[in-house]
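Survey of secondary and tertiary structure
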Amino acid sequence: MEILKVEHLCKTYGKGESLVEALKDVCFTVEQGEFAAVVGESGSGKSTLLNCIGALDMPTSGNIFMDGKDLFSMKEEQQTIFRRRNIGFVFQSFQLISELTVEQNIIFPILLDYQRPEPAAVEEILEVLGLTDRRHHLPSQLSGGQQQRVAIGRALITRPKLILADEPTGNLDSKNSQDVMDLLVKASRYYQQTIVMITHNNNLTASVDRVLRVSDGVLTDLGGKKNEKLS
Ligand SMILES: Nc1ncnc2c1ncn2[C@@H]1O[C@H](COP(=O)(O)OP(=O)(O)OP(=O)(O)O)[C@@H](O)[C@H]1O
Ligand SMILES: [Mg+2]
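Residues numbered from 1 in each chain as written. Chains lettered and ligands numbered in written order. Predicted model: local features only at pLDDT ≥ 70, side-chain atom pairs only at ≥ 80, totals over all residues. Heavy atoms only, no water.

This part takes up the packing of aromatic side chains. Considering all chains together, one arrives at one aromatic pair under this definition. Ring geometry for Phe 89 versus Phe 91: centroids 5.8 Å apart, planes at 5°, classification stacked. The exposure class assigned to Phe 89 is buried, which follows from its relative accessible area of 16%. (Phe/Tyr/Trp six-rings, centres within 6.5 Å; stacked < 30°, edge-to-face > 60°. Buried < 20%, exposed > 50% of the residue type's maximum accessible area, 1.4 Å probe, protein only.)

Structure representation (structure tokens):
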């Protein structure tokens, strides 16, 4: 089943001499449960693409359908709620709330939605992330890898259909990078969550289903080992 469809996406920044065509007629689809990596040189348009898919940035033209719904035809409030319920973000810089504990950071998207977290689901996520004994710690009391795992927990807690990750391992050493990668692979295989992850790390693209390359705003599907998932 197709979960994400990007049609003729263009994004232009600035005007006149400072005009930048960050995305040029980008088209692709991603299936439910698929793990796609986005690679490309610095400044090629990767973050712009991810931010448009997540409705954090507005495309200049083109359409994005998430689970059949046209993201940019929604009113702002509707879009915010849709995003919160269906899309999880993981950023390179973690973006945790420094005054909240590990557990509070993880359940934050649920509280924002005026819902109560399910205790069993919170326990499971803390366990999977290896953070059970750090649940009452503040982000400043954690290592970089642990902070990134909290950010992933926050992206997973609502069981979003789509997880968008912008260089989630960019600030981590190779061991922590692999741990984070293993968690994301698990999310896609066991929970059928779809992942689009930007990475500069070629070692990590070996574990994904598909590689999309962005070069000067143009996207090329490099294919991958779809349907050959190792278990
Ligand atoms: N807000 C903005 N205003 C003007 N130009 C921008 C803006 N954001 C991005 N750009 C330009 O758009 C292009 C694509 O930027 P983008 O951040 O998507 O690159 P990237 O592939 O994510 O790079 P990196 O690997 O360095 O993160 C770049 O040329 C950048 O300078
Ligand atoms: Mg970027």
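For the rest of this paragraph, the subject is the site of ligand 1. Surveying the vicinity of ligand 1 reveals 13 residues, the closest of which are Ser 42, Gly 43, Lys 46, Ser 47 and Thr 48. For ligand 1, an oxygen atom lies 3.4 Å from a polar atom in the side chain of His 200. Coverage of ligand 1 by the protein amounts to 59% of the 640 Å² it exposes when considered alone. Looking at the shell around ligand 1, the elements that each hand over two or more residues are β2 (20–31) and α1 (46–53). For the shell around ligand 1, the element with the most residues is α1, which contributes three residues. Residues belonging to the shell around ligand 1 are distributed by class as follows: three nonpolar, seven polar and three charged. (Near = heavy atom within 4 Å. Polar contact = N/O pair within 3.5 Å; in protein donor to acceptor, adjacent residues only side chain to side chain. Areas by Shrake-Rupley, 256 points an atom, 1.4 Å probe, with all protein chains shown as cover. Helix = DSSP H or I, 4+ residues; strand = E, 2+ residues; numbered from the N terminus. Nonpolar A, V, L, I, M, F, W, Y, C, P; charged D, E, K, R; others polar.)

Okay, the confidence of the model for the chain next. For the chain, per-residue confidence averages 92 on the pLDDT scale, and residues scoring 70 or more make up 97% of the total. Confidence drops under a pLDDT of 50 for residues 227–231, and excluding neighbours within four residues, the segment shows four contacts in the predicted structure. (pLDDT = per-residue confidence, 0-100. Contact = heavy atoms within 4.5 Å.)

Taken as a whole, this structure holds 13 salt bridges when the rule is applied. Where Arg 135 meets Glu 103, a salt bridge forms, and the shortest distance between an N and an O atom there is 2.9 Å. Here Arg 135 is found in the loop between α4 (119–128) and α5 (144–156), whereas its partner Glu 103 is found in helix α3 (residues 102–112), with 32 residues between them in sequence. Across the pair Glu 123 and Arg 135 runs a salt bridge, and its minimum N-O distance is 2.8 Å. Of the two residues, Glu 123 is situated in helix α4 and Arg 135 in the loop between α4 and α5; the sequence distance between them amounts to 12 residues. The class for Glu 123 is partly exposed, based on a relative accessible area of 35%. A cluster of three or more residues bridged by salt bridges with shared partners is formed by Glu 34, Arg 210 and Asp 221. (Salt bridge = Lys/Arg side-chain N within 4 Å of Asp/Glu carboxyl O.)

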